[in-house]
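Descriptive analysis of the structure
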Amino acid sequence: MHNRSIEHFKHFLLCYFNISADFSDLKNLISFYKKTESEQTRKELLSEIILLINGEDVTAKLNSTVSAK
């Protein structure tokens, strides 16, 4: 497991993701995210998503951040 955080992914879920949103809202959500976040932040989010896709175990990282708040 890589020793990397997934802070940008958590930020996206907490600030932009809406569980009640419909897939038709996804295009607007992505557009809004791109307008409000820096290019560096977007690149780091993509990097974190790739870690998740590649099967990185991030459960402990998610739990430690949630319990720290």
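Shown above is the structure to which this text applies.
So, a few notes on the structure that sits alongside this text. Values in this document were obtained by computation on a predicted structure and should not be read as measured data.

What follows concerns the overall build of the chain. When helices and strands are counted, the chain shows four helices and zero strands. For the chain, the N- to C-terminal ordering of α and β elements is α-α-α-α. Buried residues in the chain amount to 23% of all 69 residues. Considering only residue pairs separated by 6 or more positions, the chain has 71% of its internal contacts joining residues 24 or more positions apart. Per element, the accessible surface of the chain, about 5,400 Å² overall, is 58% carbon and sulfur.

We now examine the packing of aromatic side chains. Scanning all chains against the criterion turns up four aromatic pairs. Relative to Tyr16, the ring of Phe12 lies with its centre 5.9 Å away and its plane at 20°, an arrangement referred to as stacked. Accessibility assignment for this pair places Phe12 and Tyr16 in one class, buried. For the ring pair Phe12 and Tyr33, a centre distance of 5.3 Å and an interplane angle of 85° mean the geometry is edge-to-face. Placement of the pair is Phe12 in helix H1 (residues 7-15) and Tyr33 in helix H2 (residues 26-36), with a sequence separation of 21 residues. Both residues of the pair, Phe12 and Tyr33, belong to the buried class. Linked through ring pairs, Phe12, Tyr16, Phe32 and Tyr33 together constitute an aromatic cluster.

Reading guide: rules and limits
In this numbering scheme, every chain counts its residues from 1 along its sequence in written order. The predicted origin of the model limits local features to residues at a pLDDT of at least 70 and limits the giving and counting of side-chain atom pairs to 80 or more, whereas totals for whole chains, interfaces and linings rest on all residues. To get the side-chain values, all heavy atoms of the structure are used, and hydrogens and water are removed first. Secondary structure elements follow DSSP: runs of H or I of four or more residues count as helices, runs of E of two or more count as strands, with numbering from the N terminus. Partly exposed residues are those whose accessible area sits between 20% and 50% of the maximum for their type, while under 20% is buried and over 50% is exposed, using a 1.4 Å probe and protein chains only. By definition in these notes, contact holds between two residues if any of their heavy atoms fall within 4.5 Å. Areas reported here follow the Shrake-Rupley algorithm with a probe of radius 1.4 Å; residue values treat only the protein chains shown as occluding. Here a pair means two rings of Phe, Tyr or Trp (six-membered ring of Trp) with centres within 6.5 Å. Their orientation is stacked below 30 degrees between planes, edge-to-face above 60, and tilted elsewhere.

Function-wise, these values are silent; they only describe arrangement.
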